[in-house]
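# Structural overview for review
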Amino acid sequence: MVVLSQPALDQFSLIQTCPYSTSLFNNIPSIDLSSPNANALTVEACQGFGFFKVTNHGVPLEFMTNLESEAIKFFNLPRCEKDKALGYGNRRIGPNGDVGWVEYLLLSASPKLIHQKNPESFRNALNDYVSSVKRVASKVLKLIAQGLRVEPRNAFSHLLKHQKSDSLFRINHYPPCPEPLQQLISGQNVVGFGEHTDPQLISVLRSNNISGLEICLMSGGCCSSDSVGSGSGSGSGRDGIRGGDCTWVSVPPDDDSLFISVGDCLQVMTNGRFKSVRHRVSANNLNSRISMIYFGGPPLDTKIAPLPQLMEEGEESLYQEFTWEDYKKSAYNSKLGDNRLGFFQKSSGQ
Ligand SMILES: C=C1C[C@]23C[C@@]1(O)CC[C@H]2[C@@]12CC[C@H](O)[C@@](C)(C(=O)O1)[C@H]2[C@@H]3C(=O)O
Ligand SMILES: O=C(O)CCC(=O)C(=O)O
Ligand SMILES: [Fe+2]
């Protein structure tokens, strides 16, 4: 019989599980950012999966490993020290009762706000990495504009480069999940970070070489928060996707590449041509996983609407008009797994 200590039981009361086992998916599009057809491939990946990885991205390996080492130092501090740090969270994700087997730092990606009280070595590592990864996000958005023949070419990327860009940076640490907990819920996985789509335009993720990230592939289409069907079966209830069969697949880790995901705003700006990918992280019982994610968001007052150039004659927007501020407010009132875009979708015939 498995006997759990009181602290372990306390933790158990907070955890969630994903009922379905996942298989490794080896067909994640991989795009060499220096190749001449990177623009067409990027558009294809955004339309087909809403998720892909990039190589030759220009972020020095040293920036990635330095920040990872600084993050490990931080997460190894005693809990009372970590609790004092700006943006530190443990188990609780967002303001509405979501939990996961994760601790994290969630910071503004604006250079002025990024650090303050952190040690200088951590601040420098954050600055180097975030400014470099932001360039990757802008480059990908430019390739997208080029691939879609949108003018000007910075139609999307200027939103991230704007000094009021509302972008975030997050470092997640998924500690190994103790064996007794895994045994208690045998056949299921403990959720590190529950299923969701990212609300912003684009996210750029790097993780160490430990698996855990999973994406939702929709049959007959893709992975979006507004595809049609019955949901993922992961207990998301009122929330989650509607429609089609969602197959969760595991993303093979690759610590040299960066993973890009389409966010809800880019889905709207392309009037649904691109899909914001649903993803989640399951906990690992042996190894710690560290991920670092840049969430590229626009200034708060930006109107999020389909780009007129992308609309065919007679095509109507699938969404009501809103600003990023409206969307953000609504997102922060929602649960992690909710279909946030659903609140802004026009009902048919409107
Ligand atoms: C439950 C929540 C956490 C989240 C804010 C929200 O109310 C709904 C969106 C969540 C999410 C998912 C992507 C990013 O990790 C994040 C920082 C974001 O912008 O939206 C988180 C939010 C969070 O952790 O605060
Ligand atoms: O940690 C990861 O790999 C993904 C986490 C995530 O999706 C998020 O923080 O929004
Ligand atoms: Fe995410």
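Data block above holds the structure.
Below, the structure is looked at part by part. Just so we're clear, the structure is a prediction, and the values are computed from it rather than from any experiment. Each chain carries its own residue numbering, running from 1 in the written order of its sequence. Each chain gets a letter, beginning with A, and each ligand a number, beginning with 1, in the order they are written. Where local features are concerned, this predicted model is filtered to residues with pLDDT of at least 70; where side-chain atom pairs are given and counted, the filter is 80 or more; whole-chain, interface and lining totals use all residues.

### A word on the environment of valine 59
Along the chain, valine 59 turns up in the loop between β4 (51–55) and α3 (61–75). Expressed as a C-alpha distance, the spacing of valine 59 and isoleucine 72, which sit 13 residues apart in the sequence, is 20 Å. Once residues lying within four places of it in the same chain are set aside, the contact partners of valine 59 are Met64, Ser132, Val133, Val136 and Leu258. Secondary structure elements follow DSSP: runs of H or I of four or more residues count as helices, runs of E of two or more count as strands, with numbering from the N terminus. Placing C-beta atoms from the backbone, we regard two residues as in contact once those atoms come within 7 Å.

### Quick word on the environment of phenylalanine 193
In this fold, phenylalanine 193 is placed in strand β8 (residues 189–196). Of the residues examined, phenylalanine 193 has 25 C-beta atoms within 10 Å and is grouped as buried. Distance from phenylalanine 193 to phenylalanine 122, taken between C-alpha atoms, is 24 Å for residues 71 residues apart in sequence. Ignoring sequence-local partners within four residues, the contact set of phenylalanine 193 consists of Ile93, Gly100, Val102, Asn172, Arg280 and Val281. To assign burial, the other C-beta atoms lying within 10 Å of each residue's own C-beta are counted, with C-beta atoms placed from the backbone; 20 or more indicates buried, 12 or fewer indicates exposed, and intermediate counts indicate partly exposed.

### Description of the site of ligand 2
In the vicinity of ligand 2, the residues found are Arg170, Asn172, Phe193, Asp198, Leu205, Ser207, Leu213, His279, Val281, Ser291 and Ile293. Elements that contribute at least two residues to the shell around ligand 2 include exactly β7 (168–174), β9 (202–207), β14 (279–282) and β15 (289–296). Its residues placed into classes, the shell around ligand 2 shows five nonpolar, four polar and two charged. The criterion for a residue being near a molecule or strand is a backbone-placed C-beta atom within 6 Å of that molecule or strand. Polarity classes work like this: nonpolar for Ala, Val, Leu, Ile, Met, Phe, Trp, Tyr, Cys and Pro, charged for Asp, Glu, Lys and Arg, and polar for all others, with Gly in that last group.

### Comments concerning α3
One fewer than the residue count of a helix, multiplied by 1.5 Å, yields its expected span. Helix length check: α3, at 15 residues, gives a terminal C-alpha distance of 21 Å against a target of 21 Å (1.5 Å per residue), a fit within 8%. Among all positions in α3, only Phe63, Met64, Leu67, Glu68, Glu70 and Ala71 are buried. The buried side chains of α3 occupy one side of the element, clustering within an arc of 165° when seen end-on. Away from the buried face of α3 by more than 90 degrees, exposed residues Leu61, Glu62 and Lys73 are located. Buried residues in α3 make contact with α5 (120–147), β7, β9 and β15. This arc is taken over the directions from the axis of the helix to the C-beta atoms.

### Observations concerning the site of ligand 1
Around ligand 1, 17 residues are found, and the nearest of them are Gly94, Asp98, Asp198, Tyr332 and Leu336. Listing elements by their share of the shell around ligand 1, those giving two or more residues are β6 (98–108), β7 and α9 (324–332). Grouping the amino acids of the shell around ligand 1 by side-chain chemistry returns nine nonpolar, four polar and four charged.

### Some points on the pairing of strand β5 (residues 88–93)
Note: two strands are recorded as paired if DSSP finds a minimum of 2 bridges between them. Alignment of β5 against β6, held across five bridges, turns out to be antiparallel. Looking at β6, one finds that asparagine 90 is bridged to glutamate 103. Counting the residues in the hairpin turn of β5 and β6 gives four residues, including glycine 94, whose phi is positive at 70°.

### A few points about the pairing of strand β13 (residues 258–262)
For β13, a buried count of five out of five residues is recorded, marking the element as mostly surrounded by other parts of the structure. Burial along β13 is two-sided: Leu258, Ile260 and Val262 and Phe259 and Ser261, pointing in opposite directions, are all buried. The sheet contact formed by β9 and β13 spans four bridges and is antiparallel. When the sheet's bridge partners are listed, isoleucine 202 is paired in β13 with valine 262.

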